Amino acid sequence: MKYVQLGSSSLKVSRVCLGSMTWGLQNNQADADAQLNYAQMQGVNFVDTAEMYAVPPSAKTYGKTEAIIGHWLNGDPSRRQNIVLASKIAGPGFSYIRDGSNISGASVIAAVETSLKRLQTDYIDLYQLHWPNRQSPHFGQHQPNGINYSQVNSAQQTEEMLDILQGLAHCVKAGKIRYCGLSDDTPWGINQYLRLSAEHNLPRMVSIQNEFSLLHTKDWPYLIENCVHEDIAYLPWSPLATGSLTGKYLNGQRPKGSRWTLMQRHGLFRDTVHADAAIRAYINIADKYNISPAHLALAWCEQVNGVTSTIIGATTIQQLTENINAFKAPLPKQALDDINQVLAQYPAPF
């Protein structure tokens, strides 16, 4: 396993990050324990969760994933020192999470406390804002004019960011979180936080996790360039495009218990004719090089310049084994050339 610096932090993380959002719905405690133990044996030291999980989110499953991780940590206290634990505060929109209110400094302080209790730990290594208070151009909302930026009150947004940073600073000083990060944000969001941190001597954002895969490359090059030059770790989530890049949903298939059989908060917006065609093309490339489609997609993501650690998820140990193995050997140059031809043909399939 390779290890890299997490942005400007002092943390060294594995190039593979174990995502946990299925734990508490598609997976139970025993499943999660097995995944965590296996991942550790493979050298994975980076685990990502969120107060909102399990996913798809609901009031019934809210906080369950953190509680599952907490149970695992409590089973052997020595485990805590061997992982870099990341969690996230939910943004606005869920009535059952702080009445759907915006993130604020006060809500950060309160959310950290409840996450610590569920996780059964004294500190969180990386605490992230799950999505910004303003509308985010993610989850299929990145088409031109999907957001009216000229109507956004940037001064108000900046004041809210400052208040959030002050709440994060309170938690850092108390030793309850070590570092802070973003998720589902933009270059403007990154740079506003960096500016406010420098001006007010507040914690600096060290990372951002955004959706990034062979079907969704919109962060390249502009946001990733920003991350590289500002020493912000870039953490792709959903590198398999919610599993679709494996090909398991082609021809309308819906394997029992798979994610697309569950309620989707934003609908199946990744299920398009162009996505279907791109997936078929990537499967042909994988067949050509005698590897699985998942291996192709994950190994491609790992080699993108500027990617720090790729967040993977699995519902079975077999899937987790395949996913971790994908990071062990780089793709041949010809395979990358073949992939680039498909990317040129389907640059934004959803």
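Keep in mind that what you see is a predicted model, and the values were worked out from it rather than measured.

Draft legend 1. The overall build of the chain, seen in detail. For the chain, the count of helices and strands is 10 helices and 10 strands. What you see for the chain is a C-alpha radius of gyration of 19 Å, in line with the 20 Å of a compact globule of 350 residues. Structurally, the chain occupies a C-alpha span of about 55 × 50 × 35 Å along its principal axes. Expressed as a percentage of the 350 residues in the chain, the buried residues total 56%. Put simply, 78% of the contacts in the chain that link residues at least 6 apart link residues at least 24 apart. When the accessible surface of the chain is totalled, it reaches about 14600 Å², and 51% of it is carbon and sulfur. Mean positive and mean negative side-chain charge positions of the chain (28 and 28 charges, respectively) differ by 4 Å.

Draft legend 2. Expanded view of helix α10 (residues 333-345). Across its 13 residues, α10 extends 19 Å between first and last C-alpha, which sits within 8% of the 18 Å expected from 1.5 Å per residue. For α10, every residue scored as buried is listed here: Ala335, Asp338, Ile339, Val342 and Leu343. Down the axis of α10, the buried set is contained in an arc of 145°. They therefore lie on one face. Exposed and oriented more than 90 degrees from the buried face of α10 are Lys333, Gln341 and Ala344. For α10, the elements touching its buried residues are α7 (273-288) and α8 (293-303).

Draft legend 3. Geometry of unusual backbone geometry. Tyr53 connects to Ala54 through a cis peptide bond whose omega is 20°. The topology assignment puts Ala54 in the loop between β4 (46-48) and α2 (64-75). Cis geometry marks the peptide bond from Trp220 to Pro221, where omega comes out at 0°. In this fold, Pro221 is placed in the loop between β8 (205-211) and α6 (222-230). The residue Asp99 is not glycine, and still its phi comes out positive at about 60°.

Draft legend 4. Local environment of the environment of Leu320. One can find Leu320 in helix α9 (residues 317-325). Judged by relative accessible area, which is 0%, Leu320 ranks as buried. Residues Leu320 and Gln35, 285 residues apart in the sequence, show an inter-C-alpha distance of 7.3 Å. Among residues more than four places away in sequence, those in contact with Leu320 are Leu18, Gln35, Tyr38, Ile312 and Ala314.

Draft legend 5. Summary view of the packing of aromatic side chains. Enumeration over the complete set of coordinates arrives at 8 aromatic pairs. With a centroid separation of 6.0 Å and an interplanar angle of 65°, the aromatic rings of Phe94 and Trp131 are classed as edge-to-face. On the criterion of sequence distance, the pair formed by Phe94 in the loop between β5 (84-89) and α3 (105-119) and Trp131 in the loop between β6 (124-129) and α4 (154-173) is long-range, its members being 37 residues apart. In this structure, Phe94 and Trp131 share a single accessibility class: buried. Its end group placed over the ring of Trp131, Arg265 keeps NZ or CZ at 5.4 Å from the ring centre.

Draft legend 6. Just the side chain of Ser115, in detail. Its place among the elements puts Ser115 in helix α3. Looking at Ser115, the relative accessible area reads 0%, which means it is buried. Within the structure, the side chain of Ser115 is placed 2.9 Å from the side chain of Glu66, a separation counted as a polar contact.

Draft legend 7. Local environment of the sheet that holds β5. Spatially, β9-β8-β7-β6-β5-β4-β3-β10 is the arrangement adopted by the 8 strands of the open sheet, whose pairing is parallel. Each edge of the open sheet is held by one strand with a lone partner, namely β9 (233-237) and β10 (310-312). Strand-to-strand twist across the sheet, computed as the mean angle between neighbouring axes with direction ignored, equals 30°. For strand β7 (residues 177-183) and β8, the ladder comprises 4 bridges, and the chain directions are parallel. Within the sheet, the bridge partner assigned to Gly181 lies in β8 and is Ser207.

Draft legend 8. Layout of the packing of helix α1 (residues 29-41) against α9. In contact at an axis separation of 10 Å, α1 and α9 are set at 25° when each is read in the N-to-C sense. Taken together, α1 and α9 sit at an angle that is classed as roughly parallel. Relative to α9, the crossing made by α1 is right-handed. Residues Ala34, Gln35, Tyr38 and Ala39 of α1 pack against Ile317, Leu320, Thr321 and Ile324 of α9.

Draft legend 9. Representation of the pattern of salt bridges. If you walk through the whole model with that rule in mind, you get 16 salt bridges. Arg254 is the partner of Asp271 in a salt bridge, and the nearest nitrogen-oxygen pair spans 3.2 Å. On the criterion of sequence distance, the pair formed by Asp271 in the loop between β9 and α7 and Arg254 in the loop between β9 and α7 is long-range, its members being 17 residues apart. Asp271 gets classed as partly exposed once you look at its relative accessible area, which sits at 37%. Classification of Arg254 by relative accessible area gives partly exposed; the value is 32%. Across the pair Lys333 and Asp337 runs a salt bridge, and its minimum N-O distance is 2.9 Å.

Calculation criteria
Residues numbered from 1 in each chain as written. Predicted model: local features only at pLDDT ≥ 70, side-chain atom pairs only at ≥ 80, totals over all residues. Heavy atoms only, no water. Helix = DSSP H or I, 4+ residues; strand = E, 2+ residues; numbered from the N terminus. Rg over C-alpha atoms; globule rule 2.2 N^0.38 Å. Buried < 20%, exposed > 50% of the residue type's maximum accessible area, 1.4 Å probe, protein only. Contact = heavy atoms within 4.5 Å. Areas by Shrake-Rupley, 256 points an atom, 1.4 Å probe, with all protein chains shown as cover. Lys, Arg positive; Asp, Glu negative; His and termini not counted. Charge placed at Lys NZ, Arg CZ, Asp CG, Glu CD. Expected span 1.5 Å × (residues − 1). Arc of directions from axis to C-beta. Phe/Tyr/Trp six-rings, centres within 6.5 Å; stacked < 30°, edge-to-face > 60°. Lys NZ or Arg CZ within 6 Å of the ring centre and 35° of its normal. Polar contact = N/O pair within 3.5 Å; in protein donor to acceptor, adjacent residues only side chain to side chain. Pairing = 2+ DSSP bridges. Axes fitted to C-alpha atoms, helices over the stretch in contact; angles between N-to-C directions. Parallel < 35°, antiparallel > 145°, perpendicular 65-115°, else oblique. Left-handed = near helix turned anticlockwise from the far one by under 90°. Salt bridge = Lys/Arg side-chain N within 4 Å of Asp/Glu carboxyl O.

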